[in-house]
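Summary of the model geometry
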Amino acid sequence: AGFVTSHVTFTLEYEMALQTVFPDIAQPYWDFTLESTFYRADDWRSSPIFSDSWFGAASPDNNLHTVTEGRWAYETAMTNARNFSQIVNSYGVLRAPWNN
């Protein structure tokens, strides 16, 4: 799953846009490198960031490979997005080009 807040450039652009209206505001972000500090390669999925109250399962164990619990349950990505953005995967889904 790809979320806008997990992409540093989008988050920075969003923060700068917010600051044009509210100069004292700051956008929180997830420093994903912390998971490599606190967790090993075999247990990083146990991080609270992958709980249902945050992003949900990192690798959902279902046929759809879809988060099914919590705030992002069944969140869909835009399909046929080539006219909306140049950043799509090979199927035309609004995702990173390598995320098929």
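Residue indices follow the written sequence of each chain, beginning from 1 at its first position. Only residues with pLDDT of at least 70 get local features here, since the model is predicted, and only at 80 or more are side-chain atom pairs given and counted; chain-wide, interface and lining totals rely on the full set of residues. Only heavy atoms go into the side-chain values, all of them from the structure, while hydrogens and water stay out.

Describing the pattern of salt bridges
In the sections that follow, a salt bridge refers to a side-chain nitrogen of Lys or Arg positioned within 4 Å of a carboxyl oxygen of Asp or Glu. What the rule picks out here adds up to two salt bridges. Linking arginine 40 and aspartate 42 is a salt bridge whose minimum nitrogen-to-oxygen distance equals 3.2 Å. Shared partners join several salt bridges into a network, and the residues in it are Arg40, Asp42 and Asp43.

Thoughts on the side chain of asparagine 89
In this description a helix means any DSSP run of H or I spanning at least four residues, a strand means any run of E spanning at least two, and both kinds are numbered starting from the N terminus. On the secondary structure map, asparagine 89 appears in the segment after helix H2 (33-38). For asparagine 89, a relative accessible area of 5% translates into the label buried. We call two N or O atoms a polar contact when they sit within 3.5 Å, provided that within protein one can donate a hydrogen and the other can accept it, with sequence-adjacent residues counted only if both atoms are side-chain atoms. From its side chain, asparagine 89 meets the backbone nitrogen of tyrosine 91 in a polar contact 2.9 Å long. Buried residues are those whose accessible area, probed at 1.4 Å on protein chains only, stays under 20% of the maximum for their type, while exposed residues exceed 50% and partly exposed ones sit between those limits.

Topic: the packing of aromatic side chains
Each Phe, Tyr or Trp ring, with Trp reduced to its six-membered ring, pairs with another whose centre is within 6.5 Å; inter-plane angles below 30 degrees give stacked pairs, above 60 give edge-to-face pairs, and intermediate values give tilted ones. A full pass over the atoms with the stated rule returns one aromatic pair. Ring geometry for tryptophan 44 against phenylalanine 50: centres 5.4 Å apart, planes inclined by 70°, an arrangement best described as edge-to-face. Relative accessible area serves as the criterion here: at 16%, phenylalanine 50 is assigned to the buried category.

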